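Below, each chain spelled out in residue letters.
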Amino acid sequence: MNWLALLGLEGWAARIRAATIEGAIAAEDRWDLARLEWAEEKRRLVWIVVLAIAGAALTVIALILLSIAIMVHFWDSPDRAMVAWIVAGTWVALWAITLVSLVSTGKSAGNPFPLTRRELGEDWRQIKERL
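Residues numbered from 1 in each chain as written. Predicted model: local features only at pLDDT ≥ 70, side-chain atom pairs only at ≥ 80, totals over all residues. Heavy atoms only, no water.

What the chain contains, in helices and strands, is four helices and zero strands. When the helices and strands of the chain are placed in sequence order, the string is α-α-α-α. Over its C-alpha atoms the chain spans a radius of gyration of 30 Å, topping by over 25% the 14 Å that the globule rule assigns to 131 residues. Across its three principal axes, the chain shows a C-alpha extent of roughly 110 × 25 × 15 Å. The burial tally for the chain puts 15% of its 131 residues in the buried class. Summed over its atoms, the accessible surface of the chain is roughly 10000 Å², and 71% of this surface lies on carbon and sulfur atoms. With 14 positive and 14 negative side-chain charges, the chain shows a spacing of 3 Å between the two charge centroids. (Helix = DSSP H or I, 4+ residues; strand = E, 2+ residues; numbered from the N terminus. Rg over C-alpha atoms; globule rule 2.2 N^0.38 Å. Buried < 20%, exposed > 50% of the residue type's maximum accessible area, 1.4 Å probe, protein only. Areas by Shrake-Rupley, 256 points an atom, 1.4 Å probe, with all protein chains shown as cover. Lys, Arg positive; Asp, Glu negative; His and termini not counted. Charge placed at Lys NZ, Arg CZ, Asp CG, Glu CD.)

The subject of this paragraph is helix α3 (residues 78-108). With 31 residues, α3 ought to run about 45 Å at 1.5 Å a step, and its terminal C-alpha atoms sit 45 Å apart, in line with that. Buried residues of α3: Ala81, Ala84, Ala88, Thr98 and Thr105, and no others. (Expected span 1.5 Å × (residues − 1).)

What follows covers the environment of Ser108. In this fold, Ser108 is placed in helix α3. The class for Ser108 is partly exposed, based on a relative accessible area of 41%. In this structure the C-alpha to C-alpha distance between Ser108 and Arg44, which are 64 residues apart in sequence, comes to 8.7 Å.

Approximately 280 Å³ is the volume attributed to the largest pocket. The set of elements that each furnish at least two residues to the lining of the largest pocket consists of α2 (10-73) and α4 (114-130). At six residues, α2 tops the list of elements feeding residues into the lining of the largest pocket. Tallied by class, residues from the lining of the largest pocket come to four nonpolar, two polar and four charged. (1 Å grid on protein atoms, 1.4 Å probe; cavity = no way out; pocket = protein on both sides within 12 Å on 5 of 7 lines; lining within 4 Å. Points joined across faces, edges and corners; volume = space filled by probe spheres on them. Nonpolar A, V, L, I, M, F, W, Y, C, P; charged D, E, K, R; others polar.)

Taken as a whole, this structure holds seven salt bridges when the rule is applied. Note that Arg30 is salt-bridged to Asp123, the shortest N-O span being 2.7 Å. Remark: Asp123 occurs in helix α4 and Arg30 occurs in helix α2; sequence separation between them is 93 residues. Both residues of the pair, Arg30 and Asp123, count as buried. When the shortest N-O distance is used, the salt bridge between Asp32 and Arg35 registers 3.3 Å. Pair noted here: Asp32 and Arg35 are both in helix α2, with a separation of three residues, about one helical turn. On the basis of relative accessibility, which here comes to 26%, the residue Asp32 falls in the partly exposed class. Overall, the relative accessible area of 47% leaves Arg35 in the partly exposed class. (Salt bridge = Lys/Arg side-chain N within 4 Å of Asp/Glu carboxyl O.)

Okay, structure coming up:
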């Protein structure tokens, strides 16, 4: 004997079952999206660490070479001074490029998981509309 059919709750139970299945599929999709975005976020964080280390190393090198270039500038031969300034300028340029890359990567990392947050916000809005 089917008690749900006798009580007229069969349609309600089917809707609950369908909503549960749909919710499970949606949760799995959100989990996959969060996992993909976390992988992207990890790559971005690793890149920030690598650029920070490179920036620190290049800063030390640039300052050492800039100091050497200033000392060499006062030597007798003007050719040695020009070469020292060119080398120091090259290191400073590499340092500046690394710094710009670090800043731009850091700015793009300021908004983690945008797609997951948007999807969860949309889900929450739909849930509130149904209530």
